[in-house]
Amino acid sequence: MSALLKPVPQHRRMELADLDAVMAIENVIYTHPWTRGNFSDSLKAGSACWVLEIAGVIVGYAVVSVGAGEAHLLNL
(Lines give C-alpha, C1' and ligand atoms only; values in the text may rest on other atoms or scores of the structure.)
Protein backbone atom coordinates (compact mmCIF):
# COMPACT_ATOMS: atom_id res chain seq x y z
CA MET A 1 0.00 0.00 0.00
CA SER A 2 1.37 3.43 -0.87
CA ALA A 3 0.40 6.71 0.71
CA LEU A 4 -0.20 9.60 -1.65
CA LEU A 5 -0.22 13.02 -0.10
CA LYS A 6 -2.86 15.38 -1.41
CA PRO A 7 -1.96 19.05 -1.80
CA VAL A 8 -3.11 21.06 1.19
CA PRO A 9 -5.14 24.21 0.46
CA GLN A 10 -3.36 27.32 1.71
CA HIS A 11 -4.51 30.90 2.00
CA ARG A 12 -2.44 34.06 1.79
CA ARG A 13 -2.93 37.76 1.23
CA MET A 14 -3.87 38.72 -2.30
CA GLU A 15 -1.30 40.70 -4.32
CA LEU A 16 -1.68 42.77 -7.48
CA ALA A 17 0.20 40.01 -9.32
CA ASP A 18 -2.70 37.64 -8.49
CA LEU A 19 -5.33 39.64 -10.35
CA ASP A 20 -5.03 37.76 -13.66
CA ALA A 21 -5.94 34.49 -11.90
CA VAL A 22 -8.62 36.15 -9.77
CA MET A 23 -10.21 37.79 -12.82
CA ALA A 24 -10.22 34.48 -14.69
CA ILE A 25 -12.32 32.97 -11.89
CA GLU A 26 -14.48 36.07 -11.37
CA ASN A 27 -15.48 36.28 -15.04
CA VAL A 28 -16.56 32.62 -15.13
CA ILE A 29 -18.63 32.48 -11.95
CA TYR A 30 -20.51 35.79 -11.91
CA THR A 31 -22.98 37.26 -14.38
CA HIS A 32 -21.99 40.74 -13.16
CA PRO A 33 -18.32 40.33 -12.24
CA TRP A 34 -16.17 42.85 -10.45
CA THR A 35 -13.69 44.65 -12.64
CA ARG A 36 -9.93 44.48 -12.21
CA GLY A 37 -10.20 48.04 -10.90
CA ASN A 38 -12.60 46.92 -8.14
CA PHE A 39 -10.04 44.41 -6.89
CA SER A 40 -7.16 46.84 -7.27
CA ASP A 41 -9.08 49.53 -5.38
CA SER A 42 -9.90 47.07 -2.60
CA LEU A 43 -6.23 46.19 -2.24
CA LYS A 44 -5.23 49.87 -2.16
CA ALA A 45 -7.98 50.69 0.36
CA GLY A 46 -6.64 48.11 2.79
CA SER A 47 -9.51 45.65 2.60
CA ALA A 48 -8.65 42.14 3.74
CA CYS A 49 -8.05 40.42 0.39
CA TRP A 50 -7.12 36.75 0.40
CA VAL A 51 -6.50 33.99 -2.14
CA LEU A 52 -6.85 30.24 -1.67
CA GLU A 53 -4.25 28.10 -3.44
CA ILE A 54 -3.95 24.39 -4.04
CA ALA A 55 -0.56 23.24 -5.32
CA GLY A 56 0.32 26.86 -6.12
CA VAL A 57 -2.80 27.46 -8.22
CA ILE A 58 -5.32 30.09 -7.13
CA VAL A 59 -8.71 28.40 -6.79
CA GLY A 60 -10.61 30.97 -4.74
CA TYR A 61 -10.50 34.39 -3.13
CA ALA A 62 -12.26 36.67 -0.68
CA VAL A 63 -12.47 40.41 -0.15
CA VAL A 64 -13.59 41.58 3.28
CA SER A 65 -14.01 45.08 4.67
CA VAL A 66 -13.15 45.11 8.37
CA GLY A 67 -13.78 47.99 10.75
CA ALA A 68 -15.60 49.20 13.83
CA GLY A 69 -15.69 45.71 15.31
CA GLU A 70 -17.44 44.13 12.34
CA ALA A 71 -16.69 42.69 8.93
CA HIS A 72 -18.51 42.82 5.61
CA LEU A 73 -17.91 40.16 2.96
CA LEU A 74 -17.59 42.09 -0.31
CA ASN A 75 -16.70 39.29 -2.71
CA LEU A 76 -16.14 35.56 -2.51
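Within any chain, residue numbers begin from 1 and follow the written order of that chain's sequence. The predicted nature of this model means local features are confined to residues of pLDDT at least 70 and side-chain atom pairs, given and counted, to a pLDDT of 80 or more, with totals for whole chains, interfaces and linings taken over all residues. No hydrogens and no water enter the side-chain calculation; it runs on all heavy atoms of the structure.

S.K.: Looking at this structure, how should I read the packing of helix H1 (residues 19-29) against helix H2 (residues 36-45)?
M.R.: Each packed pair of helices is defined by two parameters, the angle between the axes and the distance between the axes. Axis lines are fitted through C-alpha atoms, for helices just across the contact stretch, and the angle between N-to-C directions can take any value from 0 to 180 degrees. Counting from the N terminus, the helices are the DSSP runs of H or I reaching at least four residues and the strands are the DSSP runs of E reaching at least two. Where H1 meets H2, the closest approach of the two axes is 10 Å, and the angle between their N-to-C directions is 130 degrees. The pairing of H1 with H2 is recorded here as oblique in orientation. You can see that H1 and H2 cross each other, and the crossing is right-handed. Of the residues in H2, those in contact with Leu19, Asp20, Val22, Met23 and Glu26 of H1 are Arg36, Phe39, Ser40 and Leu43. Gly counts as polar in this scheme, as do all residues outside two lists: the nonpolar Ala, Val, Leu, Ile, Met, Phe, Trp, Tyr, Cys and Pro, and the charged Asp, Glu, Lys and Arg. Taken together, the residues that form the contact of H1 with H2 break down as 5 nonpolar, 1 polar and 3 charged. Roughly parallel means an angle under 35 degrees; roughly antiparallel means over 145; roughly perpendicular covers 65 to 115; every other angle is labelled oblique. Put simply, a crossing is left-handed when the front helix is turned counterclockwise from the back one by less than a right angle, and right-handed when it is turned clockwise. By the convention used here, residues are in contact when the closest approach between their heavy atoms is within 4.5 Å.

S.K.: I would appreciate a short explanation of the packing of aromatic side chains in the present structure.
M.R.: Each aromatic ring pair is summarised here by two numbers: the centre-to-centre distance and the angle between the ring planes. Planes of paired rings set the category: under 30 degrees apart is stacked, over 60 is edge-to-face and the rest tilted, where pairs are Phe, Tyr or Trp rings (Trp by its six-membered ring) whose centres lie within 6.5 Å. By the definition in use, this model includes 2 aromatic pairs. Considering the side-chain rings of Trp34 and Phe39, the 5.0 Å spacing of their centres and the 55 degrees angle between planes classify their relative orientation as tilted. The rule is simple: take the accessible area with a 1.4 Å probe, protein chains only, and divide by the maximum for that residue type; under 20% is buried, over 50% is exposed, in between is partly exposed. Phe39 gets classed as buried once you look at its relative accessible area, which sits at 0%. Where Phe39 meets Tyr61, the ring centres are 5.6 Å apart and the plane angle is 85 degrees; that geometry is what we call edge-to-face.

S.K.: How do you make sense of the environment of Leu74 when you look at a structure like this?
M.R.: Within the secondary structure, Leu74 sits in strand E4 (residues 70-75). Considered as a pair, Leu74 and Trp34 are 40 residues apart in the sequence and their alpha carbons are 10 Å apart. Every residue in contact with Leu74, bar those within four places of it in the chain, is listed here: Trp34, Ser47, Val63, Val64 and Ser65.

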